[in-house]
Amino acid sequence: MLQGSITLNGLLAAGKIPTFKQLDDKKAISMSEQQSVLPFGYSDLAPGFIATVVTHLEMYDKPTTEPVKFPEGITIEPLTSPTPADYRKLYRAVGAEWLWSSRLLMPDTELLTILNRKSVDIYVVCDKGEDIGLLELDFSESEECELVYFGLVGRATGKGLGKALMSEAIERAWARPIKRFWVHTCTFDSPGALRFYIRTGFKPYAFQVEVQADPRLAGILPADVAPHVPLINASR
């Protein structure tokens, strides 16, 4: 942990940041509502906090493109009965570079509830026995599916595996009786993520700004991950 850094637990205890906020994924915020939530122009952040622009995307029909298969040796398998530690190991491996942290902060009991929920499907991508990717689909809302987590470890990117993984996500989502498939991405994510989702068939429909405590300052994630997001010590 960096000397002089703030802790996420302290911020949560002080009520300065929410624990887990439910996003309204159904509609964009109107202009009048936007003005009451976030003022026009620049807005300061408290020391130790970071902000990202979130883009929500959706599709209402299954794309007609041909499914993309994984190359020989790459498989996708259900992640059955994972422990919080097992899940977080894969979650970190895939998401640390993009500052994924919510499941690292979540209490074990809350995480286990999600992992054991019948409406949540979690898959792991394997390369000759090594875990290299994560896919999580949530069917909790009637006639909908959320693409909750989607990603590959760094060494597995740039090889076309992302297209195959998205093809798997689309096939598995639309195999259920859904009418809407949705996802959100943000400016902390890979620079090509938004374009990738759009090429896949998702259409943007709303923006949000998410403010959170920097998980690197609290030691939740290493200080050297996500160099595309500057690390600013809260004590400066």
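*Asks:* Tell me what's going on with the sheet that holds strand S3 (residues 120-127), and back it up with residues and numbers.
*Replies:* With mixed pairing, the seven strands of this open sheet are ordered in space as S2-S3-S4-S5-S6-S1-S7. Of all the strands in the sheet, just strand S2 (74-78) and strand S7 (203-213) have a single pairing partner and so form its edges. Sheet twist, expressed as the mean angle between neighbouring strand axes with direction ignored, is 25°. Examined bridge by bridge, strand S1 (residues 49-59) and S7 share 10 bridges and lie antiparallel to one another. Bridged to Thr55 within S7 is Phe207. This element, helix H3 (residues 84-95), spans S3, strand S4 (130-138) and strand S5 (144-152) of the sheet and lies at about 100° to S4. The strands touched by helix H7 (residues 193-200) within the sheet are S1, S5, strand S6 (180-186) and S7, with S1 carrying the most contacts at an inclination of about 10°.

*Asks:* Break down unusual backbone geometry for me, citing the residues and quoting the values.
*Replies:* Even without being glycine, Lys128 reaches a positive phi, approximately 50°. Mapped onto the secondary structure, Lys128 falls in the loop between S3 and S4.

*Asks:* I'd like a description of the pattern of salt bridges, backed by residues and values.
*Replies:* Here the structure, examined in full by the defined rule, presents 12 salt bridges. Close ionic contact of Lys62 with Glu171 constitutes a salt bridge, the shortest N to O distance being 3.0 Å. Pair noted here: Lys62 is in the loop between S1 and S2 and Glu171 is in helix H6 (residues 161-174), with a separation of 109 residues, a long-range link. By relative accessible area, Lys62 is classed as partly exposed at 36%. Overall, the relative accessible area of 30% leaves Glu171 in the partly exposed class.

*Asks:* Summarise the environment of Thr80; cite the residues concerned and give the values.
*Replies:* With respect to the helices, strands and loops of the structure, Thr80 is situated in the loop between S2 and H3. In this structure, the C-alpha to C-alpha distance between Thr80 and Val124, residues 44 residues apart in sequence, is 9.6 Å.

*Asks:* Please give an account of helix H5 (residues 108-115) that cites residues and values.
*Replies:* Along an α-helix, residues three or four positions apart point the same way, because every turn accommodates 3.6 residues. Three or more residues of H5 are buried, namely Leu111, Ile114 and Leu115. The buried residues of H5 occupy one face: seen down the axis, they fall within an arc of 95°. Buried residues along H5 sit against H3, helix H4 (102-105), S3 and S4.

*Asks:* Please set out the environment of Ala173 residue by residue, giving values where relevant.
*Replies:* For Ala173, the position within the fold is in helix H6. We classify Ala173 as buried; its relative accessible area is 0%. Those residues within four positions of Ala173 in sequence are excluded, and the remaining contacts are Leu137, Phe139, Cys145, Ile178 and Phe181.

*Asks:* I'd like to hear about the packing of H6 against H7, residue by residue, with values.
*Replies:* Relative to each other, H6 and H7 sit at 50°, their axes nearing to 11 Å. In terms of orientation, H6 and H7 fall into the oblique class. The two elements H6 and H7 meet at a crossing, and its hand is right-handed. Facing Gly162, Lys163, Met166 and Ile170 of H6, the residues of H7 in contact are Phe196, Tyr197 and Thr200. For the contact of H6 with H7, the class distribution of residues is four nonpolar, two polar and one charged.

*Asks:* Which residues make up the side chain of Arg180, and what values go with them?
*Replies:* Within the fold, Arg180 resides in strand S6. On the basis of relative accessibility, which here comes to 4%, the residue Arg180 falls in the buried class. Separated by 2.9 Å, the side chains of Arg180 and Tyr205 make a polar contact.

Definitions and limits used
Residues numbered from 1 in each chain as written. Predicted model: local features only at pLDDT ≥ 70, side-chain atom pairs only at ≥ 80, totals over all residues. Heavy atoms only, no water. Pairing = 2+ DSSP bridges. Helix = DSSP H or I, 4+ residues; strand = E, 2+ residues; numbered from the N terminus. Axes fitted to C-alpha atoms, helices over the stretch in contact; angles between N-to-C directions. Contact = heavy atoms within 4.5 Å. Salt bridge = Lys/Arg side-chain N within 4 Å of Asp/Glu carboxyl O. Buried < 20%, exposed > 50% of the residue type's maximum accessible area, 1.4 Å probe, protein only. Arc of directions from axis to C-beta. Parallel < 35°, antiparallel > 145°, perpendicular 65-115°, else oblique. Left-handed = near helix turned anticlockwise from the far one by under 90°. Nonpolar A, V, L, I, M, F, W, Y, C, P; charged D, E, K, R; others polar. Polar contact = N/O pair within 3.5 Å; in protein donor to acceptor, adjacent residues only side chain to side chain.

Function-wise, these values are silent; they only describe arrangement.
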